[in-house]
Amino acid sequence: MKYIGVTNHLKKCTKVISIKRDHSTTTNEKLQSVVGLEVHAQLNTQSKLFSGAQNTFGGLVNNCVSLFDAAIPGTLPVLNRKCVELGILTALALSCKVNEVSSFDRKHYFYADLPAGYQITQQRAPLASDGVINFQVFTPGVHKKPYNKSSKIKQIQLEQDSGKSLHDSDLKRSLVDLNRAGAPLIELVFEPDLEDGEEAAALVKELLLIVQRLGACTGRMEEGALRVDANVSLRRYGEPLSTRTEIKNIGSVRGVAGAIRHEIERQRSVLENGGKIINETRSWDAVNKVTVAMRDKEVVQDYRYMPEPNLPPLRVNLYTREETQDVLSVPLIKDRIPELPEDSRKKLIEQFSLRPEVAIQLVNEPVLLNYFHELTLGNTRSPTKVANLLLNDLLTVLNKRKFDVEDCVITIRQIRELTDMLLNKHINLDICRKVLDELLDSANNTSPLDIITKKEWSIVTDEEEITKRCTEVIENNPKLVKQYKDGKVKVFKALLGILAKNTSNKIDMSIAAAKMEEILKKL
Amino acid sequence: MNFNNITSKILFLRLLSKRFYSKIPAVPVVTLEKQSPKLKVDTNTIALLERLSLVKCDNVEGVEILEDSISFADKILHINTDNVEPLYSVLENENLSLRFDKITQGNCQTDILKNATVTEDDYFVAPPGNIPLHEVHDNECNQSLKENEN
């Protein structure tokens, strides 16, 4: 009795304690990672944002610079019409609300590659706001199935790029090239809607495809035409956002995934060891695959934003198709939006009955997508087989040589001829891959047929020849034939293997298999 | 005749100048509002300002000038601006003029580099990053940094 009474008492106590402690304070609870992106995309224009100097990559050092870009006193900014057009086009493609009136501000900071001491940007009233980007997350090898994700866009603003600094740490100095100073950028600010690096990488890839379709940006990340800053933080599920760190200037899609994955792991281990995350800027070291803290972490910068006094407000016409030199018509720009990647994927799935992951991979490589459309024109070739050829075989050959898909020199005429030969079984897959490899080396427009004849790769489909070869194999391998006749069906594959070896893979195996079976049955 | 005409004109101008005053008061006007106590800038803020502006002002005279400037500017805080839209530019009602996307400038490397004291292979030569002025941290700041380095 006494014992029972004690346990009851204990039960009561534990109950009271558990009620008191409905918010657990343990650190072992699962942490959720939160990721938000800021993307800078260079606009694809002839001249710079506010000056008539050439906007180019890799020009003669300090040559594509106007007096305004070098901040010579007395010069004034004049906005490039094309930049406004491309900015609005991108905003509309991302379902943003374009603002009827937007304005420019000065953001001050001191750095040698910013001659004026301030950057002209849009802080108070950006060009556009409240958009959304929808995309599919699918990394072969990471995800089994693609899933949909979306991220809201806070705002899209026009701003100037800075010059470029080369750091010479031995001599303790920086070398400055102003060719990029004043180049036109759009900055896209995304809400922290993502959870990991793969989602962020998928978002960047989708954005890249969109701006390339629009012709707004070359998308050449290796040239810095599209740069990503990622804000990463961890929190317990359901709690408000915690302190974040910012990873600056990530220059590739895979870099985005790697940098964020690493930063999440770093923060998790800091928190699990009882540490604290400080608000700091880090950079991604793509070679060593780590994020490292940058120097300027102690002080929160005060940018001393102020309205740009030299530029009156920018106005656009939201309602009608009338436009003047200074007021662009938004509906007219809307008419010019091409088919977007999302629509392309839907079309591929609906019209060609491709699987979603195949559609995603095709759309991700514009060159392959173009091949696909050319090859499926007129409905003579099987879309699934064509897609498989492009994604499995062509891509494998390119990857093996570390070629960029963009640099693929194979012409549509060549790939068409080769595909027909493969689908009509004049060649087998093995030879097809070899031909693809040869085509990358050969002179422009060499016919795949020429290569096959030259290398004697053509396949034998002639039935008489095949019968002859089959009989040869059967005669030379009486043991195997006997085993087969005794019911060991597995041996059939071995016979075919010998046949393939004897003929150096040059005969049509499906015809050969049928023939072989036929002859064996007759025996 | 002619002479008379001129003297009458001068008389008229004198009359005008008596009736119309200059818009700038000859003596400083004391604001009716109570003067807020003079602001003191602490050493950390001075250090931050020096870092941001690359201007050295950490001496008695410099700090005094800074504090005087702040109290001078503080006067505008007494003005009631409720329901008044800020005016950012007198050209607010104008449209920003746009230019066609054509290359009209640049290609002038020699002009651009002309004013630079040090160049190397047509690059400007600059010190690495910002000039690090001495930094003052209070204990709290130091401590929090140490904690975070774990």
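These numbers come from a predicted model, not from an experiment.

Visitor: Help me understand the overall build of chain B, please; the structure alone is not making it clear to me.
Guide: The helix and strand inventory of chain B stands at five helices and three strands. Ordering the α and β elements of chain B from the N terminus gives α-α-α-β-α-β-β-α. Looking at chain B as a whole, 5% of its 150 residues are labelled buried. Pairs at least 24 residues apart make up 58% of the contacts formed inside chain B by residues separated by at least 6 positions.

Visitor: Before we go on, may I ask you to explain the overall build of chain A in this structure?
Guide: On a plain count of helices and strands, chain A comes out with 16 helices and 18 strands. The C-alpha atoms of chain A give 31 Å as radius of gyration, which overshoots the globular expectation for 523 residues (24 Å, by more than 25%). Put simply, chain A has 523 residues, and 37% of those count as buried. Look at the contacts in chain A between residues 6 or more apart in sequence, and 69% of them connect residues 24 or more apart.

Visitor: I would appreciate a short explanation of the domain arrangement of chain A in the present structure.
Guide: Many analyses report the size of an interface as the accessible area lost when the parts associate. Residues and elements named next belong to chain A. Structurally, chain A comprises domain 1 (31-307), domain 2 (341-455) and domain 3 (463-522). Summarising the inter-unit geometry, the C-alpha centres of domain 1 and domain 2 are found 35 Å apart. Listed as interface residues are ten residues of domain 1 and, on the opposing side, eight residues of domain 2. Every element with two or more residues in the side of domain 1 that touches domain 2 is listed here: strand E7 (128-137) and helix H3 (197-214). Broken down by element, the side of domain 1 that touches domain 2 gets its largest block of residues, six residues, from H3.

Visitor: Teacher, can you tell me more about the nonpolar core here?
Guide: A general feature of soluble globular proteins is that nonpolar side chains tend to end up buried together. Membership of the largest hydrophobic core comes to 113 residues, with the highest contact counts inside it found for A:Ile88, A:Ala200, A:Val204, A:Ala230 and A:Val256. Considering every element that reaches this core, the biggest residue donor is H3(A), with ten residues. Sequence-distant contacts of A:Val204, defined by excluding residues within four places in its chain, comprise A:Val39, A:Val228, A:Val253 and A:Val256. Among the nonpolar cores identified, the runner-up in size contains twelve residues, and A:Ala70, A:Leu175, B:Ile112 and B:Phe124 belong to it.

Visitor: Is there a simple way to think about the interface of chain B and chain A in this case?
Guide: Listed by partner, the interface residues are 37 residues for chain B and 48 residues for chain A. At the level of secondary structure, the elements contributing two or more residues to the side of chain B that touches chain A comprise helix H2 (43-53), strand E1 (98-99), helix H4 (109-113), strand E3 (123-126) and helix H5 (139-148) of chain B. The element best represented in the side of chain B that touches chain A is E3(B), accounting for four residues. Strand direction decides the pairing type here: strand E10 (residues 173-177) of chain A and E3(B), joined by three bridges, are antiparallel. Across the sheet, A:Val176 pairs through a bridge with B:Phe124, a residue of E3(B).

Visitor: Looking at this structure, I do not really get the packing of helix H8 (residues 366-376) of chain A against helix H10 (residues 412-423) of chain A. What am I missing?
Guide: How two helices pack is summed up by the angle between their axes together with the distance between the axes. All names here are of chain A. Where H8 meets H10, the closest approach of the two axes is 10 Å, and the angle between their N-to-C directions is 60°. Between H8 and H10, the crossing angle belongs to the class labelled oblique. Handedness of the crossing formed by H8 with H10: right-handed. Packed against H8, whose contacting residues are Tyr 371, Glu 374 and Leu 375, the element H10 presents Ile 412, Ile 415, Arg 416 and Thr 419 at the interface. Tallied by class, the residues present in the contact of H8 with H10 amount to four nonpolar, one polar and two charged.

Visitor: Is there a simple way to think about unusual backbone geometry in this case?
Guide: Negative phi values dominate among residues other than glycine, just as trans dominates among peptide bonds. Residues and elements named next belong to chain A. Unusually for a residue other than glycine, Arg 304 sits at a positive phi of about 45°. Along the polypeptide, Arg 304 turns up in the loop between strand E15 (290-293) and strand E16 (306-307). Judged by the 12 C-beta atoms lying within 10 Å of it, Arg 304 is exposed. A positive phi is found at Ser 353, a non-glycine position, where the angle reads about 45°.

Visitor: Honestly, the sheet that holds strand E4 (residues 101-102) of chain A in this entry has me stumped. Any pointers?
Guide: Within a sheet, each strand pairs with its neighbour through backbone hydrogen bonds, oriented either parallel or antiparallel. In spatial order, the strands read E4-E17-E18 (chain A); together these three strands make up an open sheet with mixed pairing. Either end of the sheet is taken by a strand with one partner, and the two such strands are E4 and strand E18 (328-329) of chain A.

Visitor: Please clarify how H10(A) should be interpreted in this entry.
Guide: Structural remark: α-helix, 3.6 residues per turn; residues separated by three or four positions point the same way. Its twelve residues give H10(A) an end-to-end C-alpha distance of 16 Å, which sits within 8% of 16 Å, the value for a rise of 1.5 Å per residue. On its buried side, H10(A) packs onto H8, helix H9 (383-400), helix H11 (429-441) and helix H12 (448-455) of chain A.

Visitor: Is there a simple way to explain the confidence of the model for chain A in this structure?
Guide: Low pLDDT marks stretches whose predicted atomic positions should not be read closely. Residues and elements named next belong to chain A. A residue-level look at chain A finds 93% of positions with pLDDT of 70 or above and a mean pLDDT of 86. Looking over chain A, one finds the lowest element-wise mean pLDDT in helix H1 (residues 2-20), namely 41, and the highest in strand E2 (residues 79-80), namely 98. Contacts of residues 1-28 to residues separated by more than four positions or lying in other chains number three contacts, the stretch itself having pLDDT below 50.

Visitor: Is there a simple way to think about the pairing of strand E9 (residues 164-168) of chain A in this case?
Guide: A regular strand carries its side chains on alternate faces of the sheet. Residue and element names in this part refer to chain A. As defined by bridge partners, E9 adjoins E10 across five bridges and the pair is classed as antiparallel. For Ser 165, the partnering residue across the bridge sits in E10 and is Val 176. The hairpin formed by E9 and E10 contains four residues between the paired strands, and Lys 172 there has a positive phi angle of roughly 55°.

Visitor: Would you take a moment to explain the sheet that holds E3(B) for this structure?
Guide: Taken in spatial order, the four strands make up an open sheet running E9(A)-E10(A)-E3(B)-E2(B), and their pairing is antiparallel. If you trace the sheet from one side to the other, it starts and ends with E9 of chain A together with strand E2 (119-120) of chain B, each paired once.

Visitor: How should the pairing of strand E17 (residues 314-317) of chain A be read in this particular structure?
Guide: Residues and elements named next belong to chain A. Only one face of E17 is covered, namely the face carrying Leu 314 and Val 316; the face carrying Arg 315 and Asn 317 is uncovered. Pairing of E4 with E17 involves two bridges; the strand directions are antiparallel. Looking at the pairing, Val 101 lines up with Arg 315 of E17.

Visitor: Just to check I follow, could you spell out the environment of A:Glu417 for this structure?
Guide: Mapped onto the elements of the fold, A:Glu417 is located in helix H10. Taking the C-alpha atoms as reference points, A:Glu417 and A:Leu188, 229 residues apart in sequence, are found 44 Å from one another.

Visitor: Help me understand the packing of H11(A) against H12(A) in this model?
Guide: All names here are of chain A. At their nearest, the axes of H11 and H12 sit 10 Å apart, and the two run at 110° to each other. When the interaxial angle is binned, H11 and H12 end up roughly perpendicular. Considering the relative orientation of H11 and H12, their crossing is right-handed. Facing H11, whose interface residues are Val 435, Glu 438 and Leu 439, H12 presents Pro 448, Ile 451 and Ile 452. Along the lines of polarity and charge, the residues of the contact of H11 with H12 split into five nonpolar, no polar and one charged.

Visitor: Explanation requested: the confidence of the model for chain B in the structure shown.
Guide: Residue and element names in this part refer to chain B. Counting all residues, the mean pLDDT for chain B is 75, and 69% of those residues have values of 70 or more. Mean pLDDT values for the elements of chain B range from 40 in H5 up to 97 in E1. Note that pLDDT drops below 50 for residues 130-150; the model gives that stretch 17 contacts with residues more than four away or on any other chain. Note on the complex model: pTM 0.76, ipTM 0.75.

Visitor: Teacher, can you tell me more about helix H2 (residues 81-93) of chain A here?
Guide: Residues and elements named next belong to chain A. The first and last C-alpha atoms of H2 sit 19 Å apart over 13 residues, in line with the 18 Å expected at 1.5 Å per residue. Those residues of H2 not exposed but buried are Lys 82, Cys 83, Val 84, Glu 85, Leu 86, Gly 87, Ile 88, Leu 89, Thr 90, Ala 91, Leu 92 and Ala 93. Downstream of H2 by a residue or two, Ser 95 has a phi angle that is positive, lying close to 45°.

Cut-offs used in this document
- Residues numbered from 1 in each chain as written.
- Chains lettered and ligands numbered in written order.
- Predicted model: local features only at pLDDT ≥ 70, side-chain atom pairs only at ≥ 80, totals over all residues.
- Helix = DSSP H or I, 4+ residues; strand = E, 2+ residues; numbered from the N terminus.
- Buried ≥ 20, exposed ≤ 12 C-beta atoms within 10 Å, placed from the backbone.
- Contact = placed C-beta atoms within 7 Å.
- Rg over C-alpha atoms; globule rule 2.2 N^0.38 Å.
- Domains from an automatic or database assignment.
- Core = buried A, V, L, I, M, F, W, Y, C linked by C-beta atoms within 7 Å.
- Pairing = 2+ DSSP bridges.
- Axes fitted to C-alpha atoms, helices over the stretch in contact; angles between N-to-C directions.
- Parallel < 35°, antiparallel > 145°, perpendicular 65-115°, else oblique.
- Left-handed = near helix turned anticlockwise from the far one by under 90°.
- Nonpolar A, V, L, I, M, F, W, Y, C, P; charged D, E, K, R; others polar.
- Expected span 1.5 Å × (residues − 1).
- pLDDT = per-residue confidence, 0-100.

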